[in-house]
Amino acid sequence: FVLVGLPTFGILITLLITQNLWYITGVFFFLSIITGLVVYIVVSKNVKSDKQDKDMDSYGKKLSFITGITQVSDYLDHLLVAYYLGYTKLAIFAIANIIPKQLKSVGKIISNLYLPKFAVVDLNKSRRKIRNNLIIITLLSLIISLVGFFILPYLIKILFTTAYEDSIFFSQILFLGAFVTIPN
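What comes next concerns the included structure. (Residues numbered from 1 in each chain as written. Predicted model: local features only at pLDDT ≥ 70, side-chain atom pairs only at ≥ 80, totals over all residues. Heavy atoms only, no water.)

Regarding its fold elements, the protein presents 6 helices and 0 strands. Ordering the α and β elements of the protein from the N terminus gives α-α-α-α-α-α. Of all intrachain contacts in the protein linking residues separated by at least 6 positions in sequence, the fraction that spans at least 24 positions is 61%. Here the protein displays about 13900 Å² of accessible surface, and carbon together with sulfur accounts for 71% of that area. (Helix = DSSP H or I, 4+ residues; strand = E, 2+ residues; numbered from the N terminus. Contact = heavy atoms within 4.5 Å. Areas by Shrake-Rupley, 256 points an atom, 1.4 Å probe, with all protein chains shown as cover.)

Structure follows, in structure tokens:
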């Protein structure tokens, strides 16, 4: 449990030593890898199973790889924007990304709670139910995206002051893009 805060603690210590973005990022990734390895070793020693499913192992490795790629891509864009456009543009990009990213995470949480219910049902029933519910979810997503599109300018001004007005347009575009990803 204490290990979870290790990367953040490492970033704080690195910030006291240097302001170089590459060093800070390197320390974060290094400590994240160390944390993951320690957790893996502890869990693998304490959780034993007599059953070994080769298909499940392969699936787990593929899923872990996909999750890792997603995590890297979530932060790589921030590094690239900071490096090529500067920290002011990074702040605009980060503010523009905050609310749409939260909307996507809510959609992901809902789908993680909702989709396992279909795993225990007959495949044909599941397809029908998903198809019917997908229409409702898509319409709800569209409504949320449109409402969000129009209230984002006010939200950003209230939450982040007028200094970040440049992020409003980008945030609206990203928010409409969230509509496409919510049903996934």
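The rest of the description comes next.
For the rest of this paragraph, the subject is the nonpolar core. The biggest cluster of nonpolar side chains holds 8 residues, and these are Ile95, Ile99, Leu103, Leu152, Ile156, Phe160, Ile168 and Phe175. Elements represented by at least two residues in this core include exactly helix 4 (87-114), helix 5 (123-160) and helix 6 (167-181). (Core = buried A, V, L, I, M, F, W, Y, C linked by side-chain atoms within 4.5 Å. Buried < 20%, exposed > 50% of the residue type's maximum accessible area, 1.4 Å probe, protein only.)

Turning our attention to a positive patch on the surface. Taken together, the side chains of Lys125, Arg127, Arg128, Lys129 and Arg131 define a basic patch exposed on the protein surface. Here Arg131 lies in helix 5. (Patch = residues over 30% accessible without salt bridge, like charges linked within 9 Å, V, L, I, M, F, W, Y side chains within 5 Å. Salt bridge = Lys/Arg side-chain N within 4 Å of Asp/Glu carboxyl O. Lys, Arg positive; Asp, Glu negative; His and termini not counted. Charge placed at Lys NZ, Arg CZ, Asp CG, Glu CD.)

As enumerated under the stated definition, the model contains 1 salt bridge in all. For Lys157, the salt bridge is made with Glu165, and the minimal N-O distance between the two is 3.8 Å.

Attention now moves to the environment of Gly10. Locating Gly10 in the fold gives a position in helix 1 (residues 6-17). Using a relative accessible area of 8% as the deciding quantity, one classes Gly10 as buried. For the pair formed by Gly10 and Ser32, sequence separation is 22 residues and the distance between their alpha carbons is 9.7 Å. Once residues lying within four places of it in the same chain are set aside, the contact partners of Gly10 are Val27 and Leu31.

As a further point, take helix 3 (residues 54-85). Since the α-helix turns once every 3.6 residues, residues separated by three or four places project in the same direction. For helix 3, which comprises 32 residues, the first-to-last C-alpha distance of 46 Å matches the rise-based estimate of 46 Å (1.5 Å per residue) to within 8%. Helix geometry: helix 3 is bent most strongly at Tyr75, by close to 25°. Turning to helix 3, its buried residues number three or more, namely His78, Leu79, Val81 and Ala82. At the exit of helix 3 stands Gly86, carrying a positive phi of roughly 100°. (Expected span 1.5 Å × (residues − 1). Bend = angle between axes of the 7 residues up to and from the residue.)

What follows deals with helix 5. In a regular helix each residue adds 1.5 Å, so 38 residues correspond to 56 Å; helix 5 covers only 47 Å between its end C-alpha atoms and thus falls short of that length. Taking the largest bend as the criterion, helix 5 deviates by roughly 50°, centred on Ile151, and proline Pro153 comes between one and four positions later. One or two steps after helix 5, the chain reaches Thr161, where phi turns positive at roughly 65°.

This brings us to the packing of aromatic side chains. Enumeration over the complete set of coordinates arrives at 6 aromatic pairs. Ring centres of Phe28 and Phe29 lie 5.6 Å apart, and the angle between their planes is 65°; on these two criteria the pair is classed as edge-to-face. You can call Phe29 partly exposed: its relative accessible area is 31%. Taken together, a centroid distance of 4.9 Å and an interplanar angle of 90° make the contact between Tyr83 and Tyr84 edge-to-face. (Phe/Tyr/Trp six-rings, centres within 6.5 Å; stacked < 30°, edge-to-face > 60°.)

Right, let's get into the packing of helix 1 against helix 2 (residues 21-46). In the contact formed by helix 1 and helix 2, the axes pass within 8 Å of each other and the chain directions differ by 155°. One way to sum up the angle between helix 1 and helix 2 is to call them roughly antiparallel. Viewed along their axes, helix 1 and helix 2 form a crossing whose handedness is right-handed. Contacts between helix 1 and helix 2 involve Leu6, Pro7, Gly10, Ile11, Thr14 and Leu15 from the first element and Tyr23, Ile24, Val27, Phe28, Leu31, Ser32 and Thr35 from the second. Taken together, the residues that form the contact of helix 1 with helix 2 break down as 9 nonpolar, 4 polar and no charged. (Axes fitted to C-alpha atoms, helices over the stretch in contact; angles between N-to-C directions. Parallel < 35°, antiparallel > 145°, perpendicular 65-115°, else oblique. Left-handed = near helix turned anticlockwise from the far one by under 90°. Nonpolar A, V, L, I, M, F, W, Y, C, P; charged D, E, K, R; others polar.)

A separate point is a nonpolar patch on the surface. On the surface, Trp22, Phe29, Val72, Tyr75, Leu76, Leu80, Tyr83, Tyr84 and Leu85 cluster together into a nonpolar patch covering about 970 Å² of accessible area. Mapped by element, the contributors of at least two residues to the nonpolar patch are helix 2 and helix 3. Sorting elements by how many residues they give to the nonpolar patch places helix 3 first, with 7 residues. Mapped onto the fold, Val72 is located in helix 3. Of the residues examined, Val72 reaches a relative accessible area of 41% and is grouped as partly exposed.

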